[in-house]
Amino acid sequence: MINRKTKIYIYGDLRIRAFRVAWICEELQLEWEMEKTFPWSDKMYEINPSGKVPVIREDDFYVYESGAILNYLADKYQEKTSASLLPKAGTRERAIYDQFLMLIFSDLEGAGLWMHRRFIDLALHSANLDLMKELHYVHIPEVAKPAKYSFERAIKVLINQLEGNEYLLGDNFSTLDIHFLCDLEWAEALDWLSENPKKQLLDEYYDRVSRRPAFQKCSSMRRKLDITPKSLNTFTPRNRGRP
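Computed from a predicted structure; not experimentally measured.

Chemist: Give me the lowdown on the packing of aromatic side chains, citing residues and values where you can.
Modeler: Counted by the stated rule, this structure contains 13 aromatic pairs. Geometrically, the ring pair formed by W23 and F215 is edge-to-face, given 5.0 Å between the ring centres and 65° between the ring planes. With a gap of 192 residues between them, W23 in helix 1 (residues 18–27) and F215 in helix 9 (residues 213–222) connect regions that are remote in the sequence. Taking the relative accessible area as the measure of exposure, W23 reaches 0% and is therefore buried. Under the relative-accessibility criterion, F215 is labelled buried at 0%. Relative to Y137, the ring of W114 has its centre 6.1 Å away and its plane inclined at 85°; by these criteria the two rings are edge-to-face. Pair noted here: W114 is in helix 4 (residues 92–125) and Y137 is in the loop between helix 5 (129–134) and helix 6 (144–162), with a separation of 23 residues, a long-range link. Judged by its relative accessible area of 13%, Y137 is buried. Ring-pair connections join several aromatic residues into one group, and the members of that group are F19, W23, Y167, F173, Y206 and F215.

Chemist: Break down unusual backbone geometry for me, citing the residues and quoting the values.
Modeler: The omega torsion across V53 and P54 is 5°, close enough to zero to call that bond cis. Tracing the sequence through the fold places P54 in the loop between helix 2 (42–47) and strand 3 (55–58). The backbone phi angle of D59 is positive, close to 60°, even though this residue is not glycine.

Chemist: Could you give an account of the packing of helix 4 against helix 7 (residues 175–189), naming the residues involved and the relevant values?
Modeler: Contact pair helix 4 / helix 7: the axes reach a minimum separation of 11 Å and the direction vectors enclose 20°. Of the possible angle classes, the one that applies to helix 4 and helix 7 is roughly parallel. Two packed elements cross with a definite hand, and for helix 4 against helix 7 that hand is left-handed. Where helix 4 approaches helix 7, its residues Y97, F100, L101, I104, F105, L108, E109, L113, W114 and R117 are matched on the opposing element by T175, L176, H179, F180, D183, W186 and A187. Broken down by class, the residue content of the contact of helix 4 with helix 7 amounts to 12 nonpolar, 2 polar and 3 charged.

Chemist: Outline the pattern of salt bridges, supporting the account with residue identities and numerical values.
Modeler: Counted under the stated rule, the structure contains 20 salt bridges. For E185, the salt bridge is made with R222, and the minimal N-O distance between the two is 2.9 Å. With E185 in helix 7 and R222 in helix 9, the pair connects residues that are 37 residues apart, well separated along the chain. Look at R222 and you get buried, because its relative accessible area is 4%. K199 is the partner of D203 in a salt bridge, and the nearest nitrogen-oxygen pair spans 3.1 Å. Of this pair, D203 and K199 both sit in helix 8 (residues 199–210), 4 residues apart, which is roughly one turn of the helix. In the salt-bridge network here, residues are joined through shared partners; they are R17, R20, E109 and D183.

Chemist: Give me the lowdown on helix 6, citing residues and values where you can.
Modeler: The end-to-end C-alpha separation of helix 6 is 27 Å, in line with the 27 Å expected for 19 residues at 1.5 Å each. Among the residues making up helix 6, those that are buried are A147, F151, A154, I155, L158, I159 and L162. An end-on view of helix 6 places all buried positions within 150° of arc, on one side of the element. Seen from the open side of helix 6, the exposed residues pointing more than 90 degrees away from its buried face are K145, Y149, R153 and K156. Where helix 6 is buried, its residues contact helix 4, helix 7 and helix 8. G164 sits one or two residues past helix 6 and shows a positive phi near 80°.

Rules behind the numbers
- Residues numbered from 1 in each chain as written.
- Predicted model: local features only at pLDDT ≥ 70, side-chain atom pairs only at ≥ 80, totals over all residues.
- Heavy atoms only, no water.
- Phe/Tyr/Trp six-rings, centres within 6.5 Å; stacked < 30°, edge-to-face > 60°.
- Helix = DSSP H or I, 4+ residues; strand = E, 2+ residues; numbered from the N terminus.
- Buried < 20%, exposed > 50% of the residue type's maximum accessible area, 1.4 Å probe, protein only.
- Axes fitted to C-alpha atoms, helices over the stretch in contact; angles between N-to-C directions.
- Parallel < 35°, antiparallel > 145°, perpendicular 65-115°, else oblique.
- Left-handed = near helix turned anticlockwise from the far one by under 90°.
- Contact = heavy atoms within 4.5 Å.
- Nonpolar A, V, L, I, M, F, W, Y, C, P; charged D, E, K, R; others polar.
- Salt bridge = Lys/Arg side-chain N within 4 Å of Asp/Glu carboxyl O.
- Expected span 1.5 Å × (residues − 1).
- Arc of directions from axis to C-beta.

Now the structure itself:
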């Protein structure tokens, strides 16, 4: 049963990281509503000094950064729904979780996907190139190769973790899988997976995780939006015959 006592307001768009927040809200059976906003708008600077999305509002409490948001929601609500999305703090399982979360955010995304996003995709294809220049997201073609190399180094570690496992934490689906699956979509939009020697393993993992009802529901809502590769700020799949 959906938790009607709490409503989570999500600032962002289903084509970007706010998708991860909507997904975990569905996993936790939380009522949620999307306040459609994009990064670096006046509205976003009012609630997040970095101007980025997503941000959530729970009553009069705001949290930004998708990793922090997912951890907060899982910590607070998973026991109420018998979910097990985040290991308990202070356990070895939580240390392993944090280890891979840092790898995803610092290496897979920060030095890889997001580096390419800032200095290649946004610099060339943003609908607001003046804003990109103001943010110093300028086209630096030399970034493309080291960004992909950083991504490939990080994904190799995550693939090793998936070998013989259903999910990144073994047999238990966790918020790590929400982040990683979204990053696989992002990487596929860049065609960074087609030559990976473990492509079949990644495809099987994607299929397994994307069958979850929570993902399916959010994905059906996302399909109604423009999800072409160069649509504004979208990280969704390119030419993919999946949800």
